[in-house]
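Architecture and fold: a report
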Amino acid sequence: MVTGCRIQNGGAVQFYRISASEKGKKKSSWLPCYIRGLHPVCCAVTLLRRTPSSSDMSSRVAVVTGSNKGIGLAIVRDLCKKFPGVVYLTARDVGRGGEAVASLSSEGVTAMFHQLDINDLSSITAAAAYFKDKYGGVDVLVNNAGIAFKVADDAPFAVQADVTLKTNFFATRDMLTHFLPIIKAGGRVVNVSSFVGVRTLNMCSAALQQRFRSDDITEDELVTLMQQFVDKTKTAEHKQAGWPETAYGVSKTGLTTLSMILARRLSKERPNDGILLNACCPGWVRTDMAGPKAPKSPEEGAVTPVYLSLLPAGATDPHGKFVSDKEVQVW
C-alpha cells in the first residue's frame, strides 16, 4: 500500500491510500490512514485549485481550533453528531490532525481537517481565506486552542506570562480579528475560557476589576492592560500593579472580557445578523493540560461549548456572557 495526502487550496488536507498496482492512476480511496501506526505520511501531495461549487457555498460550516485532542476533539465529535453541516477539526500539526480525524472515522464520525496554528498569523489568514472562498464564511467558530503551564513547571514567571498570554489572549484575539468578519448571519462564536478567569478577576486590584467589568472598556484598552501585565512580570512589579500571580488566570480574564467587548461591537455594527458570541467554562476536565484528577471527562467538558454553538435560530441570549454548565455566570 502507498499512503499519502492531498492538500486542498487553502490548506485543507485529506489522507488517502492506494494499492501499489494503482499507482499513477487517478482513482484512489481517500480516507485517514497510517503507516505502521505512525503519523500519516505525505508520500504524494496534490494541490487542488478549484472553484467552490454552489453546494459548498450553501453548506453550513463549523470550525474548532486546537481540536486534535481533549475538549476540542470532544467538541468536534459532538458537533459532527448534532450540527447540520460540515465540521472542521483543526490542529497545528497535520499528522496529529490526521490521527484525530482517523480516530473519529473509526467511530463512524466524519470530520474535515484544516491545518491551523493560531500562533501563526499567516496560518490564521490562510484559513480565513479558505473558509471565505469555499463556504462564503463560517457559521460556528469555537476558539478552543489554549495552553497552561504545569504547577510544578520551573520556568520563570515572566516566561510563563509571555507564552501563556501569547496563545490564550493575543493569538485568540488574532483569530477573532480575522474570523469575525466572515461569520455568517445567525452565526455562533464560542470562546473557551475558564472559571479561573473569574477567580483571577476577583484577585485583581479594585481599579483593575472596575475596568474589566466596565461596559465602556475598549479592545485597545484591554490589549494595553494585557501587555502591561506581561511587561510588569519581567521586572517582578506585577503584584504592585494590582495583578495576581497567575498567568493562566489573567489570560482567561482577558479572553472573557474580550468576548464581552466584541459581543457589544457585533450588536452595534451587525444588529440584524443575529450573531451570538459568548465565553464559557468547560469545567475542570481530565486532559493533558488539566491532569488526570479532574472530575469531568472531555465529553462532559464539551457540553457547554456545544450548547452555545447550537443556540437556536432567532435566539437573542445569551450574548456577551460568561457561561458555565449552560448557565450565565456573574462576572
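Located above this text is the structure these notes cover.
Please read these numbers as outputs of a predicted model, since none were measured by experiment.

Rules and cut-offs
Residues numbered from 1 in each chain as written. Predicted model: local features only at pLDDT ≥ 70, side-chain atom pairs only at ≥ 80, totals over all residues. Heavy atoms only, no water. Helix = DSSP H or I, 4+ residues; strand = E, 2+ residues; numbered from the N terminus. Buried < 20%, exposed > 50% of the residue type's maximum accessible area, 1.4 Å probe, protein only. Polar contact = N/O pair within 3.5 Å; in protein donor to acceptor, adjacent residues only side chain to side chain. Contact = heavy atoms within 4.5 Å. Phe/Tyr/Trp six-rings, centres within 6.5 Å; stacked < 30°, edge-to-face > 60°. Core = buried A, V, L, I, M, F, W, Y, C linked by side-chain atoms within 4.5 Å. Pairing = 2+ DSSP bridges. Right-handed = clockwise from strand over helix to strand, strands pointing away.

Within the secondary structure layout, N278 lies in strand β10 (residues 276–281). The buried category is assigned to N278, whose relative accessible area is 1%. In terms of polar contacts, N278 uses its side chain to reach the backbone carbonyl oxygen of P318, at 2.9 Å. A distance of 3.0 Å separates a polar side-chain atom of N278 from the backbone nitrogen of K321. Excluding residues that lie within four positions of it along the chain, N278 makes contacts with V189, V190, N191, S259, L308, L311, P318, H319, G320 and K321.

Another point: the packing of aromatic side chains. Tallied over the full model, the rule gives eleven aromatic pairs. Ring centres 5.1 Å apart and planes at 75° place the aromatic pair Y130 and F131 in the edge-to-face group. The two residues Y130 and F131 agree in class, both being buried. A centroid spacing of 6.2 Å and a plane angle of 85° characterise the contact between F157 and F229, whose relative ring orientation is edge-to-face. Separated by 72 residues along the polypeptide, F157 in helix α5 (residues 157–179) and F229 in helix α8 (residues 219–234) bring together distant segments of the chain. In terms of burial, F157 and F229 fall into one category: buried. Grouping aromatic residues by their ring pairs yields a cluster made of Y88, Y130, F131, Y135 and F179.

With that settled, the discussion passes to the nonpolar core. Counting residues in each nonpolar core, the largest one holds 54 residues, and the members touching the most others are F131, V138, F179, F212, M226, F229 and W243. The element best represented in this core is α5, accounting for nine residues. When residues no more than four places from it in sequence are discounted, the contact partners of F229 are F157, A161, L165, H238, W243, P244, T246, A247 and V250. Listed in part, the 30 residues of the second largest apolar core include I75, V76, A91 and L104.

The buried fraction of strand β6 (residues 86–91) is high, at five of six residues. Note: strand β5 (residues 61–64) against β6, four bridges, orientation parallel. The partner of A62 across the bridge, within β6, is V87. Examined bridge by bridge, β6 and strand β7 (residues 112–115) share four bridges and lie parallel to one another. In the strand pairing of β7, L89 is matched with F113. Taking the sense of rotation as the criterion, the β-α-β connection linking β6, helix α3 (residues 94–106) and β7 turns out right-handed.

Helical periodicity: at 3.6 residues per turn, an α-helix aligns residues three or four positions apart in one direction. Of the residues making up helix α6 (residues 195–203), those classed as buried are V196, G197, V198, T200 and L201. Where α6 is buried, its residues contact α7 (206–213), α9 (247–269) and β11 (322–324). One side-chain oxygen of the residue at the start of α6 lies 3.0 Å from the amide nitrogen of V196, identifying that residue as S194.

In this section: unusual backbone geometry. Looking along the chain, the bond that leaves D317 and enters P318 is cis, with omega of 0°. Mapped onto the elements, P318 comes out in the loop between α11 (303–309) and β11. Of note in the backbone geometry, A236 takes a positive phi value of approximately 55° without being a glycine. Here A236 is to be found in the loop between α8 and α9. Here A236 falls in the exposed class, since its relative accessible area comes to 51%. One non-glycine residue with positive phi stands out, namely K326, at about 65°. Checked against the element boundaries, K326 lands in the loop between β11 and β12 (327–328).

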